Structure formats: structure tokens, C-alpha cells
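Take a look at the letters that make up each chain.
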Amino acid sequence: MKTLRNLLLLLTAVLFVVSCDEREFDMPPINMPTTPIKANTTIEALKAKYKGMALIEITDSIIIRGLVVANDISGNIYKQIVLQDSTAGISVAIDRNNIYGDFRIGQEVFIECVGLYYGEYGGNPQLGFKYLNNRNEWAIGQVAWEFFREKSHLNGFPQPDLVKSEVLTIEQLLTNSQSHIGKLVTVRDVYFEKGGIEPFAVPGANNSVQTESKILISAANPNNKLTARNSSAANFAHLIMPEGIGSVTGVLSIFNSTLQITFRDSLDCSPSRFSDGQGNGSKDMPWAIEYALNNQTDSKNGWIEGYIVGSVAPGIQATNPISKNGDILFNAPFTNNTVVLAASPDVRDWTKCVVVNLPTGSNIRNRVNLFDTPSNQGKVLKVKGTLEKYYGAAGLTISTGAASEFEFDENQITSGTGETSDSPLSVSVAKSKQGEVNQLWAKGYIVGCVRNGVSSVVSEADVIIGVTSGFDSQTNVLIADYPNETDYGNCIVVNLPAGTPLRSGVNLVNNPGNIGKILIVKGTLRSYFGLPGSRDNGGNDFILE
Amino acid sequence: MQQKYFMKKNLYLFLLLFFSVSAFSQTTSLKGMIVSSSTNMPIPGISIQLQNSGLSAISSFDGSFLFEGISPGEDRLFISSPEINNSEMTVDIIENQTNDIGTVYVSENARKLFSEGAFTLIDEEDIGEEDQSSHNVSSLMTASNDVYISSTSWNFAAMRFKLRGYDYRYSNMYINGINFNDPERGGFSYGMIGGLNDATRSKDVVNGLNPSTFTFGQIGGSGNIITNAANFSRGTRVGLAYTNRAYTLRGSALHSTGLMKNGWAVTASVAYRWADEGFIEGTFYNSLGYLLSIEKEINSRHSISFTTIGAPTQRAQQSSNFQETVDLVGSIYYNSYWGWQNGEKRNSRVVTTFEPIAILSHVFKINAETKLTTGLGFKYTTYGQTRLNWINSASPQPDYYRYLPSYQTTSVMKDFYTGLWESRNPNVTQVDWERMYRVNHLQKLSGSGDALYMVEERRNDQMYFSFNSTFNTKLNEHTSFTAGLSANTTKGMHYNTVSDLLGADYLTDIDQFVIRDLNHDPNIENIKQNDMNNPNRKVVEGDRFSYDYNIYVNTADLWARNTHRYNKWDIYYGFNLVYTEFWREGNMRNGRAPENSYGKGDVYSSFDQSVKLGLTYKLSGKHIFSGNVSYSTLAPLTYDSYVSARTRDEMTPNLQSEKIFASDLGYSLTTPIFRGSISVFQTNFYDQTRLYPYYSDSENTFINHILTGINKMHRGVELGLKAKVTSNITLTLAGTVAEYIYSNRPTGIVAFENNKETLPAETVYFKNFYVGGTPQTAGTFGIQYFYKYWFFNLDINGFDRTYVDIAPSRRTESAFNFTANSYEEYVDAIKQMMTQERFAGGFTLDFSVGKSFRLDSKHYLNVNLQFKNMLNNTDLKTGGYEQGRLYVDKITQNYDMERFPNKYYWAQGFNCYLMAALRF
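This structure is a prediction, so every number in the text was calculated from the model and none was measured.

What counts, and at which threshold
Residues numbered from 1 in each chain as written. Chains lettered and ligands numbered in written order. Predicted model: local features only at pLDDT ≥ 70, side-chain atom pairs only at ≥ 80, totals over all residues. Heavy atoms only, no water. Core = buried A, V, L, I, M, F, W, Y, C linked by side-chain atoms within 4.5 Å. Buried < 20%, exposed > 50% of the residue type's maximum accessible area, 1.4 Å probe, protein only. Helix = DSSP H or I, 4+ residues; strand = E, 2+ residues; numbered from the N terminus. Contact = heavy atoms within 4.5 Å. Salt bridge = Lys/Arg side-chain N within 4 Å of Asp/Glu carboxyl O. 1 Å grid on protein atoms, 1.4 Å probe; cavity = no way out; pocket = protein on both sides within 12 Å on 5 of 7 lines; lining within 4 Å. Points joined across faces, edges and corners; volume = space filled by probe spheres on them. Nonpolar A, V, L, I, M, F, W, Y, C, P; charged D, E, K, R; others polar. Buried area = accessible area lost by both parts, 1.4 Å probe. Polar contact = N/O pair within 3.5 Å; in protein donor to acceptor, adjacent residues only side chain to side chain. Pairing = 2+ DSSP bridges. Axes fitted to C-alpha atoms, helices over the stretch in contact; angles between N-to-C directions.

Engineer: Mind showing me how you'd approach the nonpolar core here?
Structural biologist: In summary, soluble globular proteins display a tendency toward joint burial of nonpolar side chains. Counting 40 residues, the largest nonpolar core has A:Ile64, A:Ile111 and A:Leu127 as its most contacted members. With five residues, helix α6 (residues 411–422) of chain B is the single largest residue contributor to this core. Those residues in contact with A:Ile111 that sit more than four places away from it in its chain are A:Ile62, A:Ile63, A:Ile64, A:Leu83, A:Val92, A:Leu116, A:Phe148, A:Lys151 and A:Ser152.

Engineer: Got a minute to help me understand the pattern of salt bridges in this structure?
Structural biologist: Oppositely charged side chains can form a pair if their charged atoms are brought close together. Residues and elements named next belong to chain B. Scanning all chains against the criterion turns up 45 salt bridges over all chains. Arg690 serves as the salt-bridge partner of Glu658, at 3.5 Å between the closest nitrogen and oxygen. Separated by 32 residues along the polypeptide, Glu658 in strand β32 (residues 658–670) and Arg690 in strand β33 (residues 674–696) bring together distant segments of the chain. Of the two residues, Glu658 and Arg690, neither departs from the other in class, the shared state being buried.

Engineer: I'm lost on empty space enclosed by the protein in this one. Help?
Structural biologist: If a probe as big as a water molecule is rolled over the atoms, it shows which places are left empty. Residues and elements named next belong to chain B. Following the criterion strictly, the structure yields 18 cavities of 30 Å³ or more and no others. Here the second largest cavity is characterised by a volume of approximately 870 Å³. Asn172, Gln218, Asp557, Val578 and Leu634 are the residues nearest the centre of the second largest cavity, which is lined by 46 residues in total. The class makeup of the residues in the lining of the second largest cavity is 17 nonpolar, 21 polar and eight charged.

Engineer: Mind showing me how you'd approach unusual backbone geometry here?
Structural biologist: Negative phi values dominate among residues other than glycine, just as trans dominates among peptide bonds. Going from A:Ala332 to A:Pro333, the amide bond is cis rather than trans, its omega being -5 degrees. The topology assignment puts A:Pro333 in the loop between β19 (328–329) and β20 (338–342). Residues other than glycine seldom take positive phi values, yet B:Asn176 does so here, at roughly 50 degrees. Assignment of secondary structure puts B:Asn176 in the loop between β8 (172–175) and β9 (178–179). The class for B:Asn176 is buried, based on a relative accessible area of 7%. Backbone geometry places B:Asn392, a non-glycine residue, at a positive phi of 50 degrees. Within the secondary structure, B:Asn392 sits in the loop between β22 (370–390) and α6.

Engineer: What is the right way to look at the interface of chain A and chain B in this model?
Structural biologist: Note: interface size is frequently given as the accessible area lost on complex formation between the parts. With 45 residues of chain A in contact, the opposing surface of chain B contributes 53 residues. With both sides pooled, the region where chain A packs onto chain B buries about 4,300 Å², and carbon together with sulfur makes up 64% of that total. Joining chain A to chain B, the criterion identifies two salt bridges. Put simply, chain A and chain B have eleven residue pairs in polar contact (both at pLDDT 80 or more) between them. Among the elements that take part in the side of chain A that touches chain B, helix α1 (residues 2–20) of chain A stands out by supplying seven residues, more than any other. Of the residues belonging to the side of chain A that touches chain B, the class tally is 23 nonpolar, nine polar and 13 charged.

Engineer: Can you help me understand the environment of B:Leu914 in this one?
Structural biologist: Residue and element names in this part refer to chain B. Here Leu914 lies in strand β44 (residues 911–919). According to the relative accessible area criterion, Leu914 is partly exposed, its value standing at 26%. Ignoring any residue separated from it by four or fewer positions in sequence, one finds Leu914 in contact with Leu240, Ala241, Tyr242, Asn864, Leu865, Gln866 and Phe867.

Engineer: Mind showing me how you'd approach the sheet that holds strand β6 (residues 87–93) of chain B here?
Structural biologist: Sheet strands pair by backbone hydrogen bonding; their relative direction is either parallel or antiparallel. All names here are of chain B. Across the sheet, which stays open at both edges, the four strands sit in the order β3-β2-β5-β6 with antiparallel pairing between neighbours. Since the sheet does not close on itself, it has two edges, and those belong to β3 (55–58) and β6, each with one partner. On average, each strand axis in the sheet is inclined to that of its neighbour by 25 degrees, with strand direction left out of account. Looking at chain direction, strand β2 (residues 47–50) and β3 are connected through four bridges and run antiparallel. Residue Ser47 lies in a different strand from β3, and its bridge partner there is Ile58.

Below, the structure written as C-alpha cells:
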């Protein structure tokens, strides 16, 4: 029995030992990848070097660098990633599924190109490898995964915020497509031909994968179109294409002579980017005043944008609602508990106004109210709240008035009548008044100029904006409503006539310090360098502040 | 007066005769004692059979055995056990006497004494198949006294030889009279008695459908492991072994009190097997087996015993491999399941299992001829197998066909990939764990906590209760009668759990491939759910997900058999009635079958019966002829009865019992020098139902191909011959030449687990193809030499005609539906698709040496060294399968057979087993 007891003891001991050997594995440390490799060629230079080659092996020790701007995460893009540096973008074809797991948007990658192949498929450049097609010819195809792994070097963790896409209209794109092919672009002011009707793509026969071409049309000119290539394998393929006018983002490519854009995921072409001109209540696309006027009964909550035209007169309450123009103050002195917004700064009709409450002590009241700052009249206010009546008038009720609920730039130029230098138009109003017969005064911050030698502005590259030096043209300046404007689409171009004080005193070549200064200038509001402009000034009718 | 006297005389005569008869049947008996010739110690647990009387007994703790109520005259006594050199002798039985043949000396076969037997070689050996079953050779057969069966099961185990080509479900395994075959999968899991070879040594083994005391029988034979404590002799045994097989070290200990004066007996045993890395790279092994048996002899007629056995085990599996990868890495021991993590080898396929059993049995010796054995058994199985799972991400399997050199189309890339494989770049040839953690981390950085890679553990647990009662009696000098009744109930629990999220925060429990294929369906939000009752559930480590269902099986079984024995003739016949019912119960409402997956499903029930008949003609003591014939029906196994058990309650159409018609004819010879037999057999199977699951790694889902109406024919010749040419030298020759084929064209349907579809039924062109996975020609020739307690053994074994397991999907009309450039090309492609690969045959050479040492009067040491496959033949494929998928070249629209080549398993090269055991 003693032996038996000993055996049982042994058994217990061993069971204990065995049960402890659980073979748990610790998580391995996740190290940020780094590489000492440096690029010696830009993507632009690489493409220029091999331009026109249907297939060629890269034998020089070319090293490029770029960020991953597109991958196959949604299934719309297949077996490729797109790499882009500050000069250009190029597609890299890789024989692998679900590449996105390893190559995320914003990942910095260095590629040693020697041993890879450059090729053009339908004129679209790509990096990859050779393969034998069904006509028994060598053509550009995908590079094998392990070979690509050897050639590519990741640096750092992905930084998706660094991925920017240039914003263009279709017109700008069509005029200068070559430099954009291979890059991530955002195309604005477009609408889908079958928006609201057809899905992005449907599967082919026997549930097979097929890619369909859908058409994007320019809102400015319906003759200008862009093809969107949509795969039925995309996880958003079954969604109906958005209706309305808006913008899309995607990778630009070419097939023979057709420009194409390929969306990366559903966010690149989501309905929230589109509106029928009335906005959709998001901060990026706030509802227009007209929408706010027409939607007062459903308690819709969202953003609206309008010009401040006045405030509500005192004494308005439930028993004394707003019912006439006199119930709104359109002139100083104003009250401080409300502001009234309208679609343009000169509206004086209460039925075309939206009342916005300014809660006591709130951030919005401090910054916006007209009682303390009457000069805010005519300025643009973007604010979030619930659309509901304010004592008889259309209104937007805001909840707290904290900084997150509104957007207001004190420095914006408020628009006047344009007839005198004391009441100049703002740039945004001056843009909309292009073609007026009489000369009008406009006011704006000097933010840059159109580049010397450009005859018509079609892209960012044609202007110098958002910088403080390097200006090369004396003939013009760009002015805008905000001193930090970087989008030339929000500017007008002011002509500086030769041999006049307007030129000598204002031009940025000789006076680069004028950046950020306010220019009030008179002129005919007509097109200049293809953009809205102010021209035909005598040469002296201006004020530089 | 005279009449009365006459009547009285007749009456006296009659009474005298009657009493004589009674006395005759009561007092003719045979007894003896089995003693080891090397240690002079009695040996319990030895099987002794008395041929003419057809009785068998097991030597008890003191080595003694007793046959009562036997027929007088000359008879033959067979003594067999794995631990001794089987022997036989002629006995002369005098009627009305207790014939005491005294001490029978047997020589211990140390080779077999502490050997693992076939257990070692194939031990729950990790078949990394998608399905979990532990395919183990029925090594119980080494205990058979039939020369063919014992030597082939010993020598052919490494080649996964199946007796008569029968699948494992056709052999029954009992422990103390309770059947422990798995009611869901059919086979017996040897892992359950994990390594407790000493404690489970005592076996009653029956070949085929031959009569036995504990079961009706099965065509593949039956075994009953007897662990009653009183059967063990008093003493202790400890053993230590070193090996280079699935495990490296084995330690075992057994202690038994023997039957003590107070009627109690206790036996306890432990066995521990361990390997940090077995012969297959990246496989570890950790198994602890325990046994406790307590018996009380209440009186001379009643004894009651309790046994509990268990073997918690954790081990890692090996992969089936392509010829290409094995050639590239230069080793048949390549394993695609492991990869480096933090400097250690981590295997993605780990099996963790524990199947404790408890048996309570009662033996009632009603009288000298009659015995009633009743038992209650209980088993609880936990079985988990881990595997990688990947969601919307690239396959992590290193041997995915696209990651191999053969996939590349340019010679530059073929060479590049070949270089990566040949140099064993671990990021390429093995699982890249660190990459999977990194990808999950990048996913988290991008704002989503959903895992792209994870490890899941598929659980197949089971609870099993069984009741069994067997009645044995001798009706008269010629006739014995056996009957049995048993009932069992099973609850199988099948579910998937999250084992390791590899750094991710959670997993959303939906089917990704449903999303890919059915995104256009307006009802996709429901269809993609794995459990509509808990939609879009985020699961973490330990949670159940993907599927969760139970299978219930109840059976009741009644059988009876009569055996008649005469001088020249023996005849037996019997019948068996079985009732089976089963159903599925879903615990999740699957989005693809919302009406048909949750809750209790339809019940299937079946009555089945078997009849058998056997005849033996004893020409003389030397020459015996025998013939057996049987017809049985077997209810389908639940494993084959559901089209997609994980997702829905849809039974295989035309579900029915299979029919088996088996027959054999044999001749056996017994002379002082020669002992052996030759037999021919034929078994026809009709209307089998089989599930062929295969895993599509491009679709990352199971595809089930269910075949119904399968007919098979197994037939062949078997030979086993032993010749004792001198007192020291014995030669053995055994082998079989057989043919196991499919004899018709079954019907098949295909079900996808990630879809609601079940494709329409198609004919599967299987006729005349071979059953795969076992050599259909096998033979062994051995020389045994004994000298002064040394033994030497040399065997040469040969194998041929092992075929690959054929895939049904390659042999359907829709598979033939492709275009080729010409008719000749079409015919060639069909041929390539349909050809069944036959593996190259080969030889192995085994050698073993052993000796018993008597250290002192109490201590005995046995040393045994086995060397198998001494010539290191690494070209022997033991099995393999055709892949279910077919590849259509996108450009040419042709089938490319090279894309999805066959996958194989190889027999281990040189391996050894060195052990020492001490008894005291």
C-alpha cells in the first residue's frame, strides 16, 4: 500500500507539471520598420526615363521612394498598389491578394527597382514583371510577392494623414492629364451620369467578376467627361451611385486614350460628398439657406452656412412673433442674443432669413454677436444646430454655442455694394458678379499670383499661392477673402497695368512683403488668365492696407 | 411384482445415467498454471484457448487457469499473449476428472513484453487532416494467436496497413466489456488509453466475426481490454524508454496489490510520454496516462470492479505534403504548420485532448457453466484542434500553391523561389507568425480592431454513457450459448472557439466569403451572420463562434449466438438486432439557413440486423478447414449523415443503412514444426454513405462532397506461417495479396459551408478504382533466434500497391465539362484527371535484440532495443489524397492538373525504440 501511495503521489506531481506546460506564446514585439536606404530618383524621373516602353527591364540601380496612396482594401483595385512622391505617382503590380494588409495607405516605401520591369499597358505606366501573354509575347505583368518583398523597404508606420490628393475639375484634368496619371486626385464639381439609378458595378455571367465603366460628367460643361472604372468585386459595388454634384477621389490612369479614375474604397465616392447644391448638413457641405428655409418641420440637425445680415429686434417672444421686416434689425444698434443669416449679404427680407440663437456667455456669442461687433455684418457664418422655427421665422437652434459648433473667421472680408472704396465687394461676391457692366470695387487679402508665362490657369502648378516668396509675375496678384487661402479657386486675379503705381506698388516680385496685405481695388469684373478677375483699372484706384 | 421391479431397475438405470451425464458434465475439467521460464514467476493475463471445447480463459493473478465442463479426449491448448512467445500443446482430457496439467512454462518475449506495439508507431499520430479523427491501427491484433494477424499488425503498422482493407469503424474495441467505439465517427481512439501499455496488456482478441464471449463481433475483429485489478500479479513494474518517433522519452510505472486475502485488489499505473520535438519537425508531445482499477471479490460467485482511465494529452500535428515541397526542402519530415515566434517553434495545429472513462462492472458466476457480466461505462471527451484562420487577408499557409516555385511562369522567378525554398528561408517555408501579428497591428492602427489573422480551436467534445450485459452459458457438452444486451447514449458537442487573436482586439462573427459572393443580396445583413440570434457579435479569446451544434445518438443492441462443437465439426450461428436514432441540435441560427439550423432537427432512426454462420471441419489435429459467412446492415454514422452539419440540419439524401456481405475460407496447419494458415476472403459492401470534406484555401471554407450508394469489394488471400526449425530458431512468413476496389458509380452531392447552395446530385465515376491508404500487397519474412534469455529478431517487410485516396470532385460530369484545343487533348486531360496514382512499393528491414536479466530473487530487468527501417527507406508513402479542387487556366480554359497536385504522408525512415523495464 505504501508503494501505491507513492505512486499516487507521483501521479499528482506529474499531472501538476504537465498541466503547467501550457505552451502559451508571448506576443512578439512589434517593431517599427526602418531602413537606411535613400531614394536616388523621383517617380517622375523614372517615368520620364522609360516613357513609351511597353516592357523593359530596369537594369540601373534606381531607388524610388513614395507613400502608398492606394491599395486593394475594397477589392476595387486588384493586385496592385499605387506609390506617389511629391513629383508623380506610379502603379506597382504585385501578384498577391489582400496586399493592403502589409501596405497600408500612408506607408512610406523605398523600392530598389533594379530587376523589376517597367511597362505600359494601354499607355498606363506601371512597375511589375514580365509575363508571357496568350499571344505568346512578353508583356508587363505582376511581380511575384517574394521578389517584391526583397525589393521593397518599409520605413516607419503608415501615416495616412500625409496622403493628400490634388483637387481639380475635369476641365483642369483634361487640359493637363499627363502629369496626373498615376496619382491620387480629387475631382470636384462632377456628377455621375447614372447617379441615383445604377450601382457602381454588377457581376458578370455566372457570378464572375467584371469591371464596368461608369461616366462622371463635369457640372460646368456636360461635354467634359471622365470614366470611372468600377469592379464588381468591390465591397461597395452593389451600392447605387450617388446623385447630385460633388467630388470623388481616386487613382488616375489611362487606357489607350481614355482617362480613367479608380476609387480606392467607398469613402472615395460616398454620397456624403455629393449634394444637389443644397448641401447635406455636414460640416464640409453645409445646407444652403434655402434648404434651411424649406426644412423647418422635421427637427433636422446639421450645419448651415449663410451671411450675417442682422439680429432679431427686442421684444420678440411667443406672444409677439416675427411677422414683418421691422422685427429684424438690419442696422446698428443690434441685439446680442441672436444673429440672422441669409443667402447673400444684401438680403433685407425676413422671409428669406434664418434666425440663429446665441446662448448667453457662449463662445459664439462672444465672437459673433453684432451688438459688440457690428462689423461682423456681411460676414459668412457656418453653424450647427437643429432646424426649427424661431418665434415665427425660420430658425436654427444651437445647443451650447461652443467652438465645435460653429466656424467663423473674423478676418474674412465682408462684402459691401462695390460702388465705393468704403463698401467694396468681398472676393466671393466679386466672383459671382463677373460680367457686370460697371466697374466695381473689390477687397481681398493678397495671397499670391498667377505664374509667369501661364496664359490660362488649369492647375495648382499654374499659380504661386500659399507661400511668402518665389513670386515671378509682376502683371497680377491673387486676392481672397481669407489671408491664409491656398485654393486659387477661391481667388480673383487682379490685373496690374504696366507702368502704373498699381503695378509698382503691389506686384509681389518687387514687393514680396505684400503677402497678407489687404488690397481694395476697382475694376471691371471679367475673366483673366481663365479665372474670375478684376481688370482695366486706371492704375491709381486702389488702396493697399 | 415383476413389472414394478423392472420399472425400478429402469428407473435406477435411468437415474444413474442421468446423474452420470450430470456428473459427467460437471466434473470434467482442466486446470494448470502459467509460469515464466525465465523468471519462474506466474504470469497473469495470458489468454488460453481450448480448441475443441471452444473455450477460452485468462490466467489469473497467480497464473492459474481453469476450464470446467469440457469435452473429454484429445484437445489442443493455445497459449498466447503479447508478452510471451505464443505456444500450444496437446492435452489429453480424462472425463470425470479434474485434469491438472500442472505448470506450463512459457518463454517471455521481451521484445513484446514492454513494447509499445503498434501504439508507438502511429500513436494518435497527428494526421493534420481537416477532420480530426485519430486514425489508429488496430494494434489490438498483436495479441492474436493467429500468425498472419499478429505478425502483420506488428510489422505492417508503420505503413498504416488495414486488415482486409477495412476502415477502422469495422473493428470493435471494448474495455471491461463496454464498447468504446465513437458512435459519431465509428472508430476507437487509442489516445484514450494513451501509452498505458502495461496496464492494458490483457486482451481478449477475436478475429473477424469468430465467436467471442463479449460481443457479436465485426468483420474487422474485436478486442476486449481487461483491466480488472485482480488480473494483475502483485508487484511493481517501472520502465523507461528512449525513442526517436512521435515522442522521445517514455516513463511508466505500474503497481498492483494483486488479489489480497481480503478479496480486494488495486492496480494503479501512470505512463508519461514526452518530446520537445518528434521526428517530424515542429511537433511536440506531452501525454500523461493514468489508470486506477479496484476490484472486490465479494465471494466465489460475485466480483465487482471499478476502473478509471485517462490520458490528458497535448501534441502538435504534421502536415500532408506535396512532393514538390518535400523535394525542395530535401526532407520527408517537412511540416508546413510551424513557424518561429520569439525564437521558439510554434505549431499552428495543436491537439489538446482528454478522454477520461470510468467503468463499473459486475461478474456473476451463476454456476460453473454460466456467467453474467454487466457493466456501466461513462466517457467524457474533450478534444480541441487549433488551426489558423484568416479573414480578408492573404493565406498564411507556406505551401499554398501560389507560394511555390511551380506557380511561377518565368524561369527567373522559378529559380528565385526555388532558392528561397531550398535555403529554408523561414519566412517562406514556414508560418510567418510575426507578420500576422504585424498585419493585425497595422489593422488596429488604421482604426479597426477586427482580426485579420487568428488561431481558432475546433472542439469536438462528447459525453457517452453505456450499459452492457452479456450472458454466457454451456447448455450441454456440445453447445454453448451467448447473448448480450447493450444500450448507449451519446451527446457530441461541436463548436469553434477563439484561441489566439494574435494581437487583435476581437473578431466579428460573420462569414467573410458570404459577403464577397452575396453582397448584392438585399438580405445580406442576415445571410452573413453565423448566429442570427447574436448578430455581428464581437468575440474574443475563449468565446465560441462560427458554429455550435450538438449531435445526439442513442442505440440499443441485442444479440445471441449458439456454438456447437463436435469431434469433427464445429458450427456457430448468431444474429444481432440494433436500433439507432440520432438527431442534430443547433445552438446558432446560421444566416444561410435561418429556418433550418437552430434547435432540434429531424430524427433519423433505423433498425439493423446481422446474421452470421461459421463452419469448421477438423480433418485431424493437424489440418483444419473453416468457413464463415455473414450478412449485416449498419446504420449510417452521424458524421456522414449531414450535408453541412456545421451550418444546417440537412440530412444526406437517400440516407440508408449500408449492407455488408462477408465470407472467407481457410485452412490451418499445426505440426510440431509448422503452424499457420492460409485463407481467402471476399467482402462486399453496398450502399455506403461517406462524407468527403475538403478545404478550399482559396475560398477559405469547407466544401463537403457526400457520396451515397457506394459499393465496394474487398477480396484477397492471406497467409501466415511459422516454422520452428530448431529449438532456437523460428522463421515467420506472412503476407497478403488483395484487391480493394469501388465496384460501382455512387451518387454525389456537393454542399458549400459558406453558401446556402447544395449542388444537384451527379454520378461519380468511381468504378474499379482502388481504395486508398493501405498496401494491397504486403509481406514479411522474419528470423527469430533465442539463446539463453537473449533474443534476436530480423524482419524484412515489403509493401506495394498502395493507392492515393481519390477525390470525387475529379470524377463527375461537371468536372469533364471543359474545353480543349482538340479531341486528343481533351482525352489526355481526362486521363490525367482520372488516373489514380499508385505509390512506389518498397522494403524495410527491422532488427531487434533483447534480454531478460534476473538481478536477484525479486528483481528482474528486461532490456529491449528495436531498430526499424534500418535501411532508412524514406520513399515509402503511407497514404495521400487527391485534392478536391480543380484549376481552370483563365487564359486557355483548360484544366491544369499541375496546379493542385496530390498530397502525401511518408513512413518514417530509420527509427529506434530502446527500453529497459524493472519488475519487483
